[in-house]
Amino acid sequence: MDRAVGLVTFHARVRVSEGACPRCGAVSGRVHGRYVRRLADASVGGVRAVLALVVRRFKCVNAECGTVTFAEQVAGLTSPHARYTPLLRGMLASISVSLAARPGARLAGKLGLPVAKDTLLRMVRALPELPVGLVRVVAVDDFALRKRDHYGTIIVDLETRRPIDVLRGREAGPLAEWLSRHPEIEFLCRDRARAYAEAASIGAPQARQVADRWHLLHNLAEAVEKTVSTHYGCIKSAYADLPRDEQEPQTPAATMPDQHLDVRGRDRKLVARTTERYRAVQDLVAQGRSLKRISRDLNLDYYSVRRYARASSLDELLAKAVHRVSLLDDYKPYLFQRVTDGCGNALQLFREIHAQGYRGSSSTVGLYVRLLKQGAVPAPAARAVPRPRKATKWIMTNPDNLHPDDLLDLKQIRAAGPELDAAVSHVRAFATMNRHLRGDRLPAWIHDVQQDDLPALRQFADGLRYDQDAVTAGLSVHWSSGQAEGHNCRVKLIKRQGYGRANFDLLRQRILHWA
């Protein structure tokens, strides 16, 4: 042992009298020579260890064999051309699978196992394929290798809770081919992508397709948010009609669109830009121009033009535009009340709202307080109008889990219009189906939605008709794609650890072997 260089060497020799030729299998005892073979082994007390093994070369006794001499091998310890013992190789492969190349090499060095980062990558690529075996319930989902460019498909065995294969792309062909090799599959959980539905129908016609419940609720939430945005004017009117506290002084009758003005009382740039683009797109649509031509004429993205063209009103777009609000908006009612009570010290008011969580600048507070004292801006509403996304959250949440104040707001939203009340009722009915796995009620729910004037929800219901069997199964069985979504989150971590070195073959090995 040489502590000066941080190395401990173990000397050994093989005592067997003969060896078998690796090519022809002939057993030979004729020794041609000896040499020392050095194998790196697991560290001893944090010190690098090397096994110096004296091995022999035998002459092959088979005259017809092309091998003249061969080196003896020790089962479980050596293999041709290997420089690591199986124990050390397994340790380094595990480190590389978990941490990738450069971080893995740093950790191995700290453990007394110095290794190059490229060696770790080669070890991962050399790992054997894991057997898939018989699978009964699988889930498939896509993940981005490069967003909006290259994708992959991960296949998860829901019973063993581990990924069993990773495919290139997210098209129907490769997945259908993989499924055709496993006729024992009984359930296939997927999202609502048509490519996966087609692949399941072609490759596994015997399997029952199950649409993931999370994606169903997510699509429903998107439809509800569109409905809330469409009727946002009704919600603002309902909140404007609420009586103000009798102790609050009356303010001028001037009214302004909620959250459409900045702290100086001017139109926000986002609101002005949205208004201008909406009117321009609507005028060109009325002239009969196509969306692609409008996109070129106005130098706008095609999907933005389509959103402006399909909007039922300007309020629907502005309801989303005002999501980007000032940091001061939540504290304006408090500032108004304090200024009304006679406190005009802007610095003192800044300290008070900063203690409440305000993270903006003191100059913004000072400007708003000055405008309040001059009467240049009207008083904020008695109760803040909820943003469309917050209203959607209240609608999608179980009433038993809502705060009493949120329940009052939800009641006010339902009272703002019959369409909003109907939307809440449909959401409650769908949530009941989802919670109690009553997929048999789906046709009746779709029929009820079709009877109301709710375009976004009707479009969602029409989509369910296209995939009704899978949706019914998703609302009836306990299997879902939740595990596949969890593995997708792990894939994102693995990709970031690769630092640009995560080619598909390396990424696939790490996904499958990182248990």
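If you're wondering where the values come from, they're calculated on a predicted model, not measured in any experiment. (Residues numbered from 1 in each chain as written. Predicted model: local features only at pLDDT ≥ 70, side-chain atom pairs only at ≥ 80, totals over all residues. Heavy atoms only, no water.)

Undergrad: Sorry if this is basic, but what is going on with the overall build of the protein chain here?
TA: What the protein chain contains, in helices and strands, is 22 helices and eleven strands. The proportion of buried residues among the 515 residues of the protein chain is 43%. Here the protein chain displays about 28200 Å² of accessible surface, and carbon together with sulfur accounts for 50% of that area. (Helix = DSSP H or I, 4+ residues; strand = E, 2+ residues; numbered from the N terminus. Buried < 20%, exposed > 50% of the residue type's maximum accessible area, 1.4 Å probe, protein only. Areas by Shrake-Rupley, 256 points an atom, 1.4 Å probe, with all protein chains shown as cover.)

Undergrad: Can you walk me through the packing of helix α18 (residues 442-450) against helix α19 (residues 455-466) in this structure?
TA: Helix-helix packing is described using two parameters, namely the angle between the two axes and the distance between the axes. Relative orientation of the contacting elements α18 and α19 amounts to 145 degrees, with a least axis distance of 9 Å. Remark: the crossing between α18 and α19 carries left-handed chirality. The residues of α19 that touch α18, namely those facing Leu442, Trp445, Ile446, Val449 and Gln450, are Leu457, Arg458, Phe460, Ala461, Asp462, Leu464 and Arg465. (Axes fitted to C-alpha atoms, helices over the stretch in contact; angles between N-to-C directions. Left-handed = near helix turned anticlockwise from the far one by under 90°. Contact = heavy atoms within 4.5 Å.)

Undergrad: Honestly, the sheet that holds strand β11 (residues 208-211) in this entry has me stumped. Any pointers?
TA: Strand pairing within a sheet occurs via backbone hydrogen bonds; the two strands may be parallel or antiparallel. With mixed pairing, the five strands of this open sheet are ordered in space as β9-β8-β7-β10-β11. Strand pairing shows two members of the sheet lacking a second neighbour, β9 (162-168) and β11, which therefore form its edges. This sheet shows a mean twist of 25 degrees between the axes of neighbouring strands, independent of strand direction. As judged from the six bridges shared by strand β8 (residues 150-157) and β9, these two strands associate in the antiparallel manner. By the bridge assignment for β9, Gly152 is matched with Arg168. On top of the sheet, helix α4 (residues 172-180) reaches β7 (137-146), β8, β9 and β10 (187-190); it is set at about 135 degrees to β9, its chief contact. (Pairing = 2+ DSSP bridges.)

Undergrad: What exactly am I supposed to notice about the pattern of salt bridges here?
TA: Opposite charge on two side chains lets them pair, provided their charged atoms get close. Scanning the model with the defined rule gives 17 salt bridges in all. A salt bridge links Asp505 to Arg125, with the shortest nitrogen-to-oxygen separation between them at 2.8 Å. Within this pair, whereas Asp505 is found in helix α22 (residues 504-513), its partner Arg125 is found in helix α3 (residues 117-125), the two being separated by 380 residues in sequence. Asp505 gets classed as partly exposed once you look at its relative accessible area, which sits at 39%. Given the relative accessible area of 34%, Arg125 is considered partly exposed. Across the salt bridge formed by Asp142 and Arg170, the nearest N and O atoms sit 3.1 Å from each other. One end of the pair, Asp142, is in strand β7; the other, Arg170, is in the loop between β9 and α4, and 28 residues separate them in sequence. Here Asp142 falls in the buried class, since its relative accessible area comes to 18%. Salt bridges here are not isolated pairs; linked through shared partners, they connect Glu129, Asp165 and Arg508. (Salt bridge = Lys/Arg side-chain N within 4 Å of Asp/Glu carboxyl O.)

Undergrad: Any chance you could explain the side chain of Arg508 here in plain terms?
TA: Here Arg508 is to be found in helix α22. Residue classification places Arg508 among the buried residues on the basis of a relative accessible area of 16%. When near neighbours in sequence (up to four residues on either side) are disregarded, Arg508 contacts Glu129, Asp165 and Val166.

Undergrad: In this structure, what is going on with the pairing of β9? I would like to understand it.
TA: The side chains of a regular strand alternate between both faces of the sheet. For β9, the tally of buried residues reaches five of seven residues, placing the bulk of the element in the interior. What sits between β8 and β9 in their antiparallel hairpin is a turn of four residues, with Arg161 showing a positive phi close to 60 degrees.

Undergrad: In this structure, what is going on with the nonpolar core? I would like to understand it.
TA: It is characteristic of soluble globular proteins that their nonpolar side chains tend to be buried jointly. With 38 residues, the main nonpolar core has Leu220, Ile235, Phe430, Leu442, Trp445, Leu457 and Leu464 as its most contacted residues. Listing elements by their share of this core, those giving two or more residues are α6 (213-230), α7 (232-240), α15 (388-396), α16 (404-415), α17 (418-436), α18, α19 and α20 (468-474). Ranked by residues supplied to this core, first place goes to α17 with seven residues. Residues in contact with Ile235, not counting those within four places in the same chain, are Val228, Val385, Ile413, Ala416 and Leu420. Core analysis: the next-biggest nonpolar cluster, separate from the first, contains 26 residues, Ala139, Val210, Trp479 and Trp514 among them. (Core = buried A, V, L, I, M, F, W, Y, C linked by side-chain atoms within 4.5 Å.)

Undergrad: Would you take a moment to explain unusual backbone geometry for this structure?
TA: What you tend to see is this: most non-glycine residues have negative phi, and most peptide bonds are trans. At His81, a residue that is not glycine, the phi angle is positive and equals roughly 65 degrees. Looking at the element boundaries, His81 is found in the loop between β6 (69-71) and α1 (86-99). In the Ramachandran plot, Ala100 falls in the positive-phi region, its phi being about 70 degrees despite a non-glycine side chain. Positionally, Ala100 belongs in the loop between α1 and α2 (102-110).

Undergrad: In this structure, what is going on with the environment of Leu130? I would like to understand it.
TA: With respect to the secondary-structure elements, Leu130 resides in the loop between α3 and β7. Judged by relative accessible area, which is 37%, Leu130 ranks as partly exposed. Ignoring sequence-local partners within four residues, the contact set of Leu130 consists of Arg162, Leu512 and His513.

Undergrad: It is not clear to me how the packing of aromatic side chains should be interpreted in this structure. Could you clarify?
TA: Tallied over the full model, the rule gives seven aromatic pairs. An aromatic cluster of at least three residues, connected via ring pairs, comprises Tyr331, Phe350 and Tyr358. The ring of Tyr151 carries Arg170 above its face, with NZ or CZ at 3.6 Å from the centroid. The aromatic ring of Tyr466 is capped on one face by Arg194, whose charged end is 4.0 Å from the ring centroid. (Phe/Tyr/Trp six-rings, centres within 6.5 Å; stacked < 30°, edge-to-face > 60°. Lys NZ or Arg CZ within 6 Å of the ring centre and 35° of its normal.)

Undergrad: Looking at this model, I keep getting lost on the packing of helix α12 (residues 332-340) against helix α13 (residues 346-355). Mind explaining?
TA: Contact geometry of α12 with α13 gives a least axis separation of 11 Å together with a crossing angle of 140 degrees. It follows that α12 is oblique to α13 by the angle criterion. Helix-helix and strand crossings are classified by hand; for α12 and α13 the assignment is right-handed. Residues Tyr334, Leu335, Arg338 and Val339 of α12 form the contact with α13, whose participating residues are Leu349, Glu352 and Ile353. For the contact of α12 with α13, a count of residues per class yields five nonpolar, no polar and two charged. (Parallel < 35°, antiparallel > 145°, perpendicular 65-115°, else oblique. Nonpolar A, V, L, I, M, F, W, Y, C, P; charged D, E, K, R; others polar.)

Undergrad: Got a minute to help me understand the environment of Ala139 in this structure?
TA: The topology assignment puts Ala139 in strand β7. Note on Ala139: relative accessible area 0%, which makes it buried. Considered as a pair, Ala139 and Ile154 are 15 residues apart in the sequence and their alpha carbons are 8.2 Å apart.

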